[in-house]
Amino acid sequence: MRRREFITLLSGSALGWPFAAGAQQSMPVIGFLHSASSEPAAKAVAAFRQGLSEMGYVEARDVMIEFRWAEGHYDRLPALTADLVRHQVAVIVTGGGVPAALAAKAAAATIPIVFTIGLDPVQLGLVGSISRPGGNATGVSFLAVELAAKRLELLRELAPKAAIIAMLVNPNNPNATTNTREGQTAAEAVAQQLVVLNASSESEIETAFAAVVQQRIGALLVGSDPFFVSQRNQLAASAARHAVPAIYELREFAEAGGLISYGTNLADVYRQAGVYAGKILKGAKPADLPVVQPTKFELVINLKTAKALGLTVPLIMQMTANEVIE
């Protein structure tokens, strides 16, 4: 082969290299933005992948997922979201409640968003309506905060002698005010004295429990917050150490040794988020996908923890529970 022919052939091959790389990069990319950290959210991520697979998308085969974790530092979310926008992801899925959803909505005006939150998305300005979101966002709203009254009722059944009940709230969460209001409203309805305690770090959680002991508070209602979910082992251990009956929003708390939980099955929430992400990748528009609102809630009781606290769980409560951990 003559030198000129060789150079021409080489040049043609070189032009093909970027095209091949581009072909590999043509696989759609999902941005997964979460308010907490990866380890506590492992089951949620697995459920999300399951939902994607139900729509025919398997990670690394049909789709790539770029994960961004705020590690409980909500002030990091805007920068993490901006990074996903720069990467031009096909859809942003948010986890860990309201903080991540609001950050995504503020930064991504056109990129489709699938949120998982525990508040009314209409009130938050995420969608125009539940049935027809009308913008670039849709998702799952699992009413975590609105269940405060039911959680308080269950807690009072388990700790009927508790003259004072505390509610633990993360002041850094955008839903803190709503969280507190729902708890106070529920307490006022049954003439229950409620004390609000704030915590946004591991040390502040310990300070809150010290206040529970000092003020002789009889029981604890843990508010809805992704940071608390990531610290569920600490919360359950602290409640056991200080002999404080406590109720939580998710079964993951009871599985970690917490006394009782009442709320939506988180795995179902993230599976549905995966299904919606898959539908959007197939061409569906968020504006036309109704916000999913789970209607089934699960009650999980840790009987071992109840016995350690010297509490008697009513038989009717055990019979109605979705799971009793012994």
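All of these numbers come straight from a predicted model, not from anything done at the bench.

Colleague: Just checking my understanding: could you explain the pairing of strand S1 (residues 29–34) for this structure?
Modeller: Two faces make up the sheet, and in a regular strand the side chains alternate between them. Burial of S1 is extensive: five of the six residues sit out of reach of the surface. Across six bridges, the pairing between S1 and strand S2 (residues 64–69) is parallel. Bridging across to S2, valine 29 finds its partner in methionine 64. Following the backbone out of S1, through helix H2 (residues 42–54) and into the adjacent parallel S2, one traces a crossover that is right-handed. Of the pairings in the sheet, the one linking S1 to strand S3 (residues 91–95) comprises five bridges and is parallel in character. Bridge assignment links histidine 34 to a residue of S3, and that residue is glycine 95.

Colleague: Where do I start with a nonpolar patch on the surface in this structure?
Modeller: Among the surface-exposed residues, Leu315, Ile316 and Met319 lie close enough to one another that they form a single nonpolar patch of about 370 Å² accessible area. Along the polypeptide, leucine 315 turns up in helix H13 (residues 315–320). Exposure remark for leucine 315: the relative accessible area of 61% places this residue in the exposed category.

Colleague: Any chance you could explain the sheet that holds S3 here in plain terms?
Modeller: Sheet strands associate in pairs through backbone hydrogen bonding, adopting either a parallel or an antiparallel arrangement. Taken in spatial order, the five strands line up as S2-S1-S3-S4-S5 in an open sheet, and their pairing is parallel. Looking at strand neighbours, the two that pair on one side only are S2 and strand S5 (137–141), the edges of this open sheet. Within the sheet, the average angular offset between the axes of one strand and its neighbour, ignoring direction, is 20°. Relative to the sheet, H2 contacts S1, S2 and S3, its axis offset from that of S2 by approximately 155°. The strands that helix H11 (residues 266–281) touches are S1, S3, strand S4 (113–117) and S5; relative to S4, the one it contacts most, it runs at about 170°.

So, how was this worked out
- Residues numbered from 1 in each chain as written.
- Predicted model: local features only at pLDDT ≥ 70, side-chain atom pairs only at ≥ 80, totals over all residues.
- Heavy atoms only, no water.
- Buried < 20%, exposed > 50% of the residue type's maximum accessible area, 1.4 Å probe, protein only.
- Helix = DSSP H or I, 4+ residues; strand = E, 2+ residues; numbered from the N terminus.
- Pairing = 2+ DSSP bridges.
- Right-handed = clockwise from strand over helix to strand, strands pointing away.
- Patch = residues over 30% accessible without salt bridge, like charges linked within 9 Å, V, L, I, M, F, W, Y side chains within 5 Å.
- Areas by Shrake-Rupley, 256 points an atom, 1.4 Å probe, with all protein chains shown as cover.
- Salt bridge = Lys/Arg side-chain N within 4 Å of Asp/Glu carboxyl O.
- Axes fitted to C-alpha atoms, helices over the stretch in contact; angles between N-to-C directions.
- Contact = heavy atoms within 4.5 Å.

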